[in-house]
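Architecture and fold: a report
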Amino acid sequence: MTIQTARIIWHNGNLLDWDDARIHVMTHGLNHASVLFEGIRCYATPRGPAFFRLRDHLERLYDSCKVYRMEPGWSVEELTAACIALVEANQFSECYLRPLVFRGYGSFGINPLASPVEVYIASWRWETYLGPEALEHGIDACVSSWTRMTPNSLPPTAKAAANYMNSQLITLEAQANGFAEGIALDQQGMVSEGSAQNIFLVRGGEIHTPPSASSILPGITRDSVMQIARRLGYRVREEAIPRAALYLADEIFFTGTATEITPVRSIDRISIGRGMRGPITTAIQSAFFAITGGRQEAPGDWLTFARPISTR
Ligand code: PMP
């Protein structure tokens with residue numbers, strides 16, 4: 001998947017040409033992984049481009065930074081305005097955004113404090129992560145032989161680039177074995193999450209997802225799906241899920257900003273339910289896309305419009 005480049009990248013309050021957003025090889029974040037980030041989608045709607053849960057994403061970025069004692073130097077409101085300015089500058093009707101906060105060029109020791117904090121926001125057009133086919137037909141996944149990081153080693157609740165080395169092990173192994181994605185277990189052997197997505201299973205009409213104690217990133221799509229499912233009348237439980245429960249589910253789906261809501265049709269070559277997208281997954285997916293596409297009223301402040309809406 002090559003990046004579809006855009007014109008402009010936001011850096012510390014300035015708009016740079018895409019090709020000018022460069023860093024030195026001795027950047028602290030490159031050498032010692034002091035990088036925190038977010039992934040946000042902006043959807044095309046009849047009222048113009050709309051960010052999905054922008055404030056929640058930026059607040060999670062601040063939470064990630066707090067754990068690592070990194071001060072971005074810009075408020076949530078300022079970064080909200082920056083995201084809007086960037087989408088306008090790139091004239092996108094829809095896109096993916098990647099705010100990055102990292103320790104730049106300064107000192108070389110492990111202690112990051114003497115290296116300046118840099119903030120960038122990149123945006124580009126990005127289709128569905130696992131492909132448009134996957135949204136309809138589902139993907140084949142496996143349980144990974146790699147375990148997710150523990151809460152007291154690399155906190156999975158912080159969206160740190162370092163965590164994605166664990167994600168890379170999971171996804172590389174899965175793809176080397178012919179699967180689209182891997183599912184990691186936590187230290188206790190309970191289901192955690194995919195390499196970059198949360199997981200839900202449906203059995204007997206009830207929806208289950210691992211709790212935050214199962215070494216997951218508390219996904220914003222996960223939270224949205226729980227709210228949507230409850231509004232559709234389903235019972236949703238956050239509870240520890242043993243591996244074998246995956247094989248016995250009627251339906252399984254992944255959630256994530258890039259992944260959106262992607263059905264899983266098999267795990268370890270065992271068919272999940274009828275081996276195709278199930279009815280509850282379909283219902284939640286269509287409610288989700290109706291909200292993100294601006295066709296159905298979004299709860300609270302889920303959508304932030306990039307352009308002021310004409311009231312006429
Ligand atoms: N878990 C991991 C490890 C992720 O990288 C992501 C993607 N951000 C998710 C879960 C899903 O989170 P969200 O719905 O907020 O994108």
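Refer to the structure presented above.
The following paragraphs examine the structure supplied in this document. (Residues numbered from 1 in each chain as written. Predicted model: local features only at pLDDT ≥ 70, side-chain atom pairs only at ≥ 80, totals over all residues. Heavy atoms only, no water.)

On to the overall build of the chain, then. When helices and strands are counted, the chain shows eight helices and 17 strands. Since a compact globule built from 312 residues should have a radius of gyration of about 20 Å, the 20 Å found for the chain is in line with a globular shape. For the chain, the spread of C-alpha atoms along the principal axes amounts to about 55 × 55 × 30 Å. By the burial criterion, 53% of the 312 residues in the chain qualify as buried. For the chain, restricting intrachain contacts to residue pairs at least 6 apart in sequence, the fraction spanning at least 24 positions comes to 69%. With an accessible surface of roughly 14500 Å², the chain has 53% of that area assigned to carbon and sulfur atoms. Each charge sign in the chain was given a centre, from 28 positive and 31 negative side chains, and these centres are 2 Å apart. (Helix = DSSP H or I, 4+ residues; strand = E, 2+ residues; numbered from the N terminus. Rg over C-alpha atoms; globule rule 2.2 N^0.38 Å. Buried < 20%, exposed > 50% of the residue type's maximum accessible area, 1.4 Å probe, protein only. Contact = heavy atoms within 4.5 Å. Areas by Shrake-Rupley, 256 points an atom, 1.4 Å probe, with all protein chains shown as cover. Lys, Arg positive; Asp, Glu negative; His and termini not counted. Charge placed at Lys NZ, Arg CZ, Asp CG, Glu CD.)

Let us look at the packing of aromatic side chains. Taken as a whole, this structure holds ten aromatic pairs when the rule is applied. With a centroid separation of 5.1 Å and 55 degrees between ring planes, the pair formed by F37 and Y164 is classed as tilted. Residue F37 is found in strand β3 (residues 35-37), and its partner Y164 is found in helix α5 (residues 163-176); the two are separated by 127 residues along the sequence. Overall, F37 belongs to the buried group, its relative accessible area being 7%. Take Y164: its relative accessible area is 18%, and that puts it in the buried class. (Phe/Tyr/Trp six-rings, centres within 6.5 Å; stacked < 30°, edge-to-face > 60°.)

We now examine the side chain of S34. Relative to the helices and strands, S34 is located in the loop between α1 (28-32) and β3. At 2.7 Å, the side chain of S34 and the side chain of H28 are in polar contact. Setting aside residues up to four positions removed in sequence, S34 forms contacts with H28, G29, M70, V101, F102 and R103. (Polar contact = N/O pair within 3.5 Å; in protein donor to acceptor, adjacent residues only side chain to side chain.)

At a minimum axis distance of 10 Å, the contact between helix α2 (residues 54-67) and helix α3 (residues 76-89) shows a crossing angle of 125 degrees. What the angle tells us is that α2 and α3 run oblique. Crossing angle aside, the handedness with which α2 passes α3 is right-handed. Residues L54, R55, L58, E59, L61 and Y62 of α2 lie in contact with α3, whose contacting residues are V76, E77, L79, T80 and C83. (Axes fitted to C-alpha atoms, helices over the stretch in contact; angles between N-to-C directions. Parallel < 35°, antiparallel > 145°, perpendicular 65-115°, else oblique. Left-handed = near helix turned anticlockwise from the far one by under 90°.)

Close to the ligand lie 16 residues, the nearest being Y164, E193, I220, T221 and T257. Y164 places a polar side-chain atom, nitrogen or oxygen, 2.3 Å from an oxygen atom of the ligand. Between the ligand and I220, the relevant distance is 2.7 Å, taken from an oxygen atom to a main-chain nitrogen or oxygen of the residue. Relative to its free-state accessible area of 390 Å², the ligand is covered by the protein chains to the extent of 96%. Those elements that provide at least two residues to the shell around the ligand are α6 (220-231) and β14 (251-256). (Near = heavy atom within 4 Å.)

A separate point is helix α8 (residues 279-292). An ideal rise of 1.5 Å per residue puts 20 Å on 14 residues; α8 measures up with 20 Å between its terminal C-alpha atoms. Regarding α8, the residues found buried are I280, T281, I284, Q285, A287, F288, A290, I291 and T292. (Expected span 1.5 Å × (residues − 1).)

Right, let's talk about the environment of P99 for a bit. The residue P99 is located in strand β6 (residues 95-103) in this model. For P99, a relative accessible area of 1% corresponds to the buried category. Considered as a pair, P99 and L36 are 63 residues apart in the sequence and their alpha carbons are 8.5 Å apart. Among all residues touching P99, those that are not within four sequence positions of it are L36, F37, E38, I40, L61, Y120 and I121.

The next point concerns the pattern of salt bridges. Pairing is possible between side chains of opposite charge, provided their charged atoms come close. Inspection of every chain in the model, using the stated rule, returns 13 salt bridges. With a shortest N-O distance of 3.5 Å, E206 and R235 are connected by a salt bridge. Taken together, the residues E206 in strand β12 (residues 206-209) and R235 in the loop between α6 and β13 (236-238) connect sequence positions 29 residues apart. Among the ionic pairs, E239 bridges to R237, the shortest N-O distance being 3.4 Å. Counted as one network, the salt bridges with shared partners bring together E206, R235, R237 and E239. (Salt bridge = Lys/Arg side-chain N within 4 Å of Asp/Glu carboxyl O.)

In a regular helix each residue adds 1.5 Å, so 14 residues correspond to 20 Å; α3 covers 20 Å between its end C-alpha atoms and thus fits that length. One or two positions beyond α3, positive phi appears at Q91, with a value near 50 degrees.

Trans peptide bonds make up most of the peptide bonds, and negative phi angles are found at most residues other than glycine. Its identity as a non-glycine residue notwithstanding, S215 has a phi of 60 degrees, on the positive side. Mapped onto the secondary structure, S215 falls in the loop between β12 and α6. Judged by relative accessible area, which is 3%, S215 ranks as buried. Phi is positive for D268, which is not a glycine, with a value near 55 degrees. For D268, a relative accessible area of 22% puts it in the partly exposed group.

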